Amino acid sequence: MTPDRLFSLVNPLALLGWAALILVPRRAARLVPVTLAVALSLLYVVLIAVALPGSDGNFSSLAGVRTLFEDPWALLAGWVHYLAFDLFIGGWEVRDAQRRGIPHLAVIPALILTFLFGPAGLLTYLAIRTALRGRTTPMADALE
């Protein structure tokens, strides 16, 4: 299997997870992000084990990271890393909103941004949560 072929398999899988979080949040919020994030994390570990030993790249400088990601397996590992973490955070956003009584429609923009731009989506969700503070608790407990 090539990195391109594996890329074409994991992307639709992650998209299904995001669609489930947006369209059927009550059913998907616990199972989908955790299950998919674990599966993607396992794949990530395998990809890193394949890519890192022979690489000239490293994480000690931007040039080292660029060199590392010149290898298609390492690049795919980086992409799978994003898929796993962003999906896990999206699941947390949905579960946290459900616990706090935040309407799901208010969370959807944050989910879309989390899918597309990771940290920007998390910040958006935290802003939504703060804006609806009558139904929420302060941002200080964001990591509970």
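## Brief notes about the packing of aromatic side chains
Consideration 1: Enumeration according to the criterion identifies three aromatic pairs in this entry.
Consideration 2: Both rings, one in F7 and one in W79, keep their centres 6.1 Å apart while their planes meet at 40°; by these two values the pair is tilted. Residue F7 is located in helix α1 (residues 3–23), and its partner W79 is located in helix α4 (residues 72–100); the two are separated by 72 residues in the primary sequence.
Consideration 3: On the basis of relative accessibility, which here comes to 34%, the residue F7 falls in the partly exposed class.
Consideration 4: On the basis of relative accessibility, which here comes to 36%, the residue W79 falls in the partly exposed class.
Consideration 5: For the pair W18 and F115, a centre-to-centre distance of 5.6 Å together with 55° between the ring planes defines the contact as tilted. In this pair, W18 is assigned in helix α1 and F115 in helix α5 (residues 104–117), connecting sequence segments 97 residues apart.

## Details of the environment of L113
Consideration 1: Note on placement: L113 falls in helix α5.
Consideration 2: Of the residues examined, L113 reaches a relative accessible area of 28% and is grouped as partly exposed.
Consideration 3: Taking the C-alpha atoms as reference points, L113 and R66, 47 residues apart in sequence, are found 25 Å from one another.
Consideration 4: In contact with L113, not counting residues within four places along its chain, are G118, A120, G121 and T124.

About the criteria used
- Residues numbered from 1 in each chain as written.
- Predicted model: local features only at pLDDT ≥ 70, side-chain atom pairs only at ≥ 80, totals over all residues.
- Heavy atoms only, no water.
- Phe/Tyr/Trp six-rings, centres within 6.5 Å; stacked < 30°, edge-to-face > 60°.
- Helix = DSSP H or I, 4+ residues; strand = E, 2+ residues; numbered from the N terminus.
- Buried < 20%, exposed > 50% of the residue type's maximum accessible area, 1.4 Å probe, protein only.
- Contact = heavy atoms within 4.5 Å.

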